[in-house]
Amino acid sequence: MHRSILLVVLAAALAAPPAFADEPAPTEPAPTEPAPTEPAPIEPAAALLIPDGVTIAGVSVGGLSPDQAAAVVQGSFDQPVILTLGKKRWRATPADLGAELRLGGAVERALAAAPGEAVNPVVHVRGRYVRAYVAYLDLLLSHRPRDATLRLKKFRPFLTKPREGVKVLREATTLAIVRALRSNERGPIPLAVETVQPKVTLANFGPVIVIRRESKKLYYYQGMRYKKRFGVATGQSSYPTPLGRFTIVVKQLNPWWYPPNSAWAKGRSPVPPGPGNPLGTRWMGLSVPLVGIHGTPDAASIGYSASHGCIRMRIPDAEWLFNHVALGTTVFIVNA
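My aim in this report is to walk through the structure given alongside it, one point at a time. Residue positions are given per chain, counting from 1 as you read along its sequence in written order. Two thresholds apply to this predicted model, a pLDDT of at least 70 for residue-level local features and 80 or more for giving and counting side-chain atom pairs, whereas whole-chain, interface and lining totals are computed over all residues. Only hydrogens and water are set aside when side-chain values are computed; all heavy atoms of the structure are taken into account.

This part takes up the overall build of the protein. Only DSSP runs of H or I covering at least 4 residues are called helices, and only runs of E covering at least 2 are called strands; the numbering of each starts at the N terminus. Secondary structure summary: the protein contains six helices and 22 strands in total. Only protein chains enter the calculation, and the probe is 1.4 Å; a residue is then buried if its accessible area is under 20% of its type maximum, exposed if over 50%, and partly exposed in between. Out of the 336 residues in the protein, the part that is buried amounts to 35%. Pairs at least 24 residues apart make up 62% of the contacts formed inside the protein by residues separated by at least 6 positions. Surface accessibility in these figures is a Shrake-Rupley result with a 1.4 Å probe; residues are shielded only by whichever protein chains are displayed. For the protein, the accessible area works out to roughly 20800 Å², and carbon and sulfur atoms hold 57% of it. Pairs of residues are marked as contacts when any of their non-hydrogen atoms sit within 4.5 Å.

For the rest of this paragraph, the subject is unusual backbone geometry. Cis geometry marks the peptide bond from Gly-187 to Pro-188, where omega comes out at 10 degrees. If you trace the backbone, Pro-188 turns up in the loop between helix 5 (170-183) and strand 11 (189-190). Notably, Leu-290 is not glycine yet its phi reads approximately 65 degrees, a positive angle. Summarising the element assignment, Leu-290 is placed in the loop between strand 18 (282-286) and strand 19 (292-296).

Attention now moves to the environment of Pro-80. Tracing the backbone through its elements, the reader meets Pro-80 in the loop between helix 2 (66-77) and strand 3 (81-85). The exposure class of Pro-80 is partly exposed, given its relative accessible area of 21%. For the pair Pro-80 and Pro-94, spaced 14 residues apart in sequence, the C-alpha separation works out to 6.4 Å. Other than its neighbours up to four places away in sequence, Pro-80 contacts Arg-91, Ala-92, Thr-93, Pro-94 and Arg-186.

With that settled, consider the environment of Val-166. Tracing the backbone through its elements, the reader meets Val-166 in strand 10 (residues 165-168). Apart from residues no more than four positions distant in its own chain, Val-166 is found in contact with Leu-141, Ser-142, His-143, Val-193 and Glu-194.

Moving on to the side chain of Arg-312. Position of Arg-312 among the secondary structure elements: in strand 21 (residues 311-314). Charge counting follows a simple rule: Lys and Arg are positive, Asp and Glu are negative, and His as well as the terminal groups are ignored. Should a side-chain nitrogen of Lys or Arg be within 4 Å of a carboxyl oxygen of Asp or Glu, the pair is scored as a salt bridge. Asp-298 provides the closest opposite charge to the buried, salt-bridge-free Arg-312, at an N-O distance of 4.0 Å. Look past the residues within four positions of Arg-312 in its chain and what remains in contact with it is Gly-231, Val-232, Ala-233, His-294, Thr-296, Asp-298, Ser-301, Ile-302, Ala-306 and Ser-307.

Attention now moves to the nonpolar core. The term nonpolar core refers to a set of buried residues drawn from Ala, Val, Leu, Ile, Met, Phe, Trp, Tyr and Cys, joined through side-chain atoms within 4.5 Å. Membership of the largest hydrophobic core comes to 36 residues, with the highest contact counts inside it found for Ile-56, Val-73, Leu-83 and Leu-97. Counting only elements with at least two residues in this core, the list comes to helix 2, strand 3, strand 4 (88-92), strand 5 (99-102), helix 3 (104-111), strand 7 (122-125), helix 4 (127-141) and helix 5. A total of five residues in this core trace back to one element, the largest contributor, which is helix 4. Setting aside residues up to four positions removed in sequence, Leu-97 forms contacts with Val-81, Ala-92, Val-125, Arg-126, Tyr-129, Val-130, Tyr-133, Ile-177 and Leu-181.

As structure tokens, then:
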């Protein structure tokens, strides 16, 4: 029995391969990993763009990013407002006019807007800046009308050309500028002005009298238009009719004659209206003491230096002239 067991052990030993001391015992091979590969790219989220057709302050911003839209709209807003009067032009920036564009909320609304929608931003305007600028334009442009003025040229009346006045309408101009700033309009914007007409023109000037002292003639003009001529008597050499420019300051119908404080009238009494009155039936006193234009019952004195300084006319002529002149009518007396 022991011999049988020994034979089995010996047979198993002879069947196994020989082992060498310098060779390692075989081990299980390590598992291998696949070669590393590049990770797949991650797609970025789509950029936020404003829908097509959307506008902010009238500026198209469709398809733009918020930053791009803000830059475009701000650039448009910063353009100067152009104001005009006739051919004249003025430019004022929104900063000059105290205007500020507040875009933040408008851009956010534009992002959420429907295609084609119009978004209006907030525009803050400091009214005192606009009013100050309009006051400057008023000072620069407004002027009073200039009436026609009268002078004598070659013994005839000559009227200078009148000129219209201009008045800047401050309130209307201020409102127009504020409206342009808030709607992002830049013009040209016509200034609101009012034309002021002169009171005295070539057409309505009124009568003018020119008396040629040496020629003993009185010329009646309507403005610069000659209308009528009359013979007159002027002052004696010792009581000459004064030369110069005067106005009619008194008109009296059927006047009394009162003796002046002069040597030639000493001892004379007042004369009531009537046929023998030295002033006739009409008196037109001038802006020089004791001198006037009047009728005379002494028609034979016409054409001579016969008065004490006054201008005598035939009674019908004086009555016609009285009806065609007014207080303030200019009378030139010239040495001609």
